[in-house]
Amino acid sequence: MRKLEEIIALTIIALAILFGAAYIFVNVMGKSILIKQIEQATHKKTTIGYFNLSPTLKLEIKKLKVEGLAEIDSLFITPDILGFLSGKAIIDNLRLIRPEFTFNKTPPVVVNGGKTGGELILPAPKQTPPEQPKGFKPLPLGFKYIRIENGKINYIDQTISTNGIRIALENINCKISQLYFYLRPVATSFEIKGKIPWREGQVSGQLDIEGWFDYYKKSMQASLKIKDIDAIYLYPYYSMWVDLEKARIEKAKLNFSADVHGLNNNVNVECHLELTDLVRRPLEPGQSEEKASKITNKVIDIFREVDQGKVELNFNIKTRMDSPQFGLDAFRTAFEDKLGRGREKGFRAENTLVLPLKVLEGGVRGFTDLTRAMVDGIFAIGGELNKAAEGNLQR
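Residues numbered from 1 in each chain as written. Predicted model: local features only at pLDDT ≥ 70, side-chain atom pairs only at ≥ 80, totals over all residues. Heavy atoms only, no water.

J.: Could you give an account of the overall build of the protein, naming the residues involved and the relevant values?
T.: The helix and strand tally for the protein stands at nine helices and 14 strands. Here the protein holds 395 residues, and the buried ones make up 34% of them. Of all intrachain contacts in the protein linking residues separated by at least 6 positions in sequence, the fraction that spans at least 24 positions is 56%. Taken as a whole, the protein presents about 24400 Å² of accessible surface, with 57% of it coming from carbon and sulfur. (Helix = DSSP H or I, 4+ residues; strand = E, 2+ residues; numbered from the N terminus. Buried < 20%, exposed > 50% of the residue type's maximum accessible area, 1.4 Å probe, protein only. Contact = heavy atoms within 4.5 Å. Areas by Shrake-Rupley, 256 points an atom, 1.4 Å probe, with all protein chains shown as cover.)

J.: Go over a nonpolar patch on the surface with me, naming the residues and quoting the values.
T.: Residues Leu-57, Ile-81, Leu-82 and Leu-85 make up a contiguous nonpolar surface patch of about 410 Å² in total accessible area. Considering the arrangement of structural elements, one finds Ile-81 in helix α2 (residues 81–85). (Patch = residues over 30% accessible without salt bridge, like charges linked within 9 Å, V, L, I, M, F, W, Y side chains within 5 Å. Salt bridge = Lys/Arg side-chain N within 4 Å of Asp/Glu carboxyl O.)

J.: Give me the lowdown on unusual backbone geometry, citing residues and values where you can.
T.: Positive phi outside glycine occurs at Arg-98, with the angle close to 50°. Secondary-structure assignment places Arg-98 in strand β4 (residues 89–105). Even without being glycine, Asp-228 reaches a positive phi, approximately 60°. With respect to the secondary-structure elements, Asp-228 resides in strand β11 (residues 219–230).

J.: Tell me about helix α4 (residues 291–306), and name the residues and values.
T.: Here α4 spans 23 Å end to end across 16 residues, near enough to the 22 Å set by a 1.5 Å rise per residue. Those residues of α4 not exposed but buried are Ser-293, Ile-295, Thr-296, Val-299, Ile-300, Ile-302, Phe-303 and Val-306. Just downstream of α4 lies Gln-308, where phi reads positive at about 50°. (Expected span 1.5 Å × (residues − 1).)

J.: Go over the environment of Ser-323, please, and point to the residues and values.
T.: Looking at the element boundaries, Ser-323 is found in the loop between β14 (311–320) and α5 (329–340). The class for Ser-323 is partly exposed, based on a relative accessible area of 31%. A sequence separation of 58 residues divides Ser-323 from Asn-265, and the C-alpha atoms of the two residues are 9.1 Å apart. Only 3.4 Å separates the side chain of Ser-323 from the side chain of Asp-322, close enough to count as a polar contact. (Polar contact = N/O pair within 3.5 Å; in protein donor to acceptor, adjacent residues only side chain to side chain.)

J.: Can you lay out the pattern of salt bridges for me, pointing to particular residues and giving the numbers?
T.: Throughout the structure, instances matching the rule amount to 13 salt bridges. Notably, a salt bridge pairs Arg-95 with Glu-149, separated by 2.9 Å at the nearest N-O pair. Separated by 54 residues along the polypeptide, Arg-95 in strand β4 and Glu-149 in strand β7 (residues 141–157) bring together distant segments of the chain. By relative accessible area, which is 33% here, Arg-95 ends up partly exposed.

J.: Which residues make up the packing of aromatic side chains, and what values go with them?
T.: Under the defined criterion, the tally for this structure stands at four aromatic pairs. Taking 6.4 Å as the distance between ring centres and 85° as the angle between the ring planes, the aromatic pair formed by Phe-143 and Phe-181 counts as edge-to-face. A residue pair is termed long-range when its members are at least 10 positions apart, and Phe-143 in strand β7 and Phe-181 in the loop between β8 (165–180) and β9 (188–196) qualify at 38 residues. In this structure Phe-181 comes out as exposed when scored by relative accessible area, which is 54%. In this structure, Lys-62 packs its charged tip against the face of Tyr-50, placed 5.8 Å from the ring centre. Sitting over the ring of Tyr-215, Lys-218 keeps its end group 4.3 Å from the ring centre. (Phe/Tyr/Trp six-rings, centres within 6.5 Å; stacked < 30°, edge-to-face > 60°. Lys NZ or Arg CZ within 6 Å of the ring centre and 35° of its normal.)

J.: So what's going on with the pairing of β11? Which residues, and what values?
T.: As paired strands, strand β10 (residues 205–214) and β11 are joined by nine bridges and run antiparallel to one another. Within β11, the position partnered with Gln-206 by the bridge is Lys-227. Bridge analysis of β11 against strand β12 (residues 249–263) gives nine bridges, and the strand direction is antiparallel. Paired with Ser-223 across the two strands is Asp-259, which belongs to β12. (Pairing = 2+ DSSP bridges.)

J.: Give a detailed account of the side chain of Asn-154, specifying residues and quantitative values.
T.: You can see Asn-154 is positioned in strand β7. At 2.8 Å, the side chain of Asn-154 and the side chain of Glu-100 are in polar contact. Apart from residues lying up to four places away in sequence, Asn-154 is in contact with Glu-100, Phe-101, Thr-102, Phe-103, Arg-166, Ile-167 and Ala-168.

J.: Any details on the sheet that holds β11? Residues and values, ideally.
T.: If you walk across this open sheet you meet the 12 strands as β1-β2-β3-β4-β7-β8-β9-β10-β11-β12-β13-β14, and the pairing is mixed. Lying at the two open borders of the sheet, with one neighbouring strand each, are β1 (46–53) and β14. Across the sheet, the axes of successive neighbouring strands diverge by a mean angle of 10°, strand direction being ignored. Looking at chain direction, strand β2 (residues 59–66) and strand β3 (residues 70–79) are connected through seven bridges and run antiparallel. The partner of Leu-64 across the bridge, within β3, is Ile-72. (Axes fitted to C-alpha atoms, helices over the stretch in contact; angles between N-to-C directions.)

J.: So what about the packing of α4 against α5? Which residues, and what values?
T.: The contact between α4 and α5 brings their axes to 9 Å, and the two run at 85°. Overall, the two elements α4 and α5 adopt an arrangement that is roughly perpendicular. Along its contact with α4, which presents Ile-302, Phe-303 and Val-306, the element α5 presents Phe-335, Lys-338 and Leu-339. Tallied by class, the residues present in the contact of α4 with α5 amount to five nonpolar, no polar and one charged. (Parallel < 35°, antiparallel > 145°, perpendicular 65-115°, else oblique. Nonpolar A, V, L, I, M, F, W, Y, C, P; charged D, E, K, R; others polar.)

Okay, structure coming up:
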């Protein structure tokens, strides 16, 4: 009996020594190992100011910087030990304090076309992840709880103009629970709030998203609200269709909201777009009004008369949860209907409104593409309306 107790005691001591050695090794070598893994995945220089793994396996990282991509003031990770023992990479708690992420969209490379003398546009090279050993299978990943405090996202689009356009989302506070990247019968809830700074001295926009989704049951419910969108700041996206100078528009703000309902893979998005603030530059003495300004006056008058003084548009988008696609047919129909109800103003929607097929028939995917396509479509409508309504405005 005494010998058995000695064996148990020796085993416990041996395990304690192994655990202690592993703990020391991870704390000494963990920083360099993590830096190497991040650099292989991102191809960006990475630095870490502080790295610590507690005896309870809670990981704390400070001053993490991935050059040109991310900076995180503090990061805390608490693993779910039982989840790892079951063969899944489950994180019990992930907390990020003051993270800042930067996404840079660059134009494709243009080179000389050789004998043709023209230009050859090459897509940006794709960065491939490092090769994994044969037979390697990553563990299914899941997060029980994610929290982001005072975060920031920078989006820089250099494809629009030489200097590019920068859109930032600041003061991000985000809560996500039960997020799993493998099929599991659980509802993922989320809440995201942030501010969008536009021009200096202008009121910041506000973003508010909340809801839940159950990918296993293909059901969801969510709401999206964006207040005080500065349409002037976003002018580079639609400058090819509208001349703000000729339209005499100095200030324009929009509100956008969407209520999303999904059941059995069928998703309906109820969208509301409203012009909340429009400032027009007054005509100078003796100055004649440009055609673009007349078009703007006429369209705004139609909207205000139909909606009791408001300038708004409601439309629905129907799609599928497992393959979301967004087109502008619903927006076009709502726009045509609104103009159709304003015929007494001299417009006939079925005769004057012709939308570009490239915009309407080419489906778009994702929030960024949808936003771009909506802006393109709105001001393509303006261009076609300008041509078709010229005769009416000169009466």
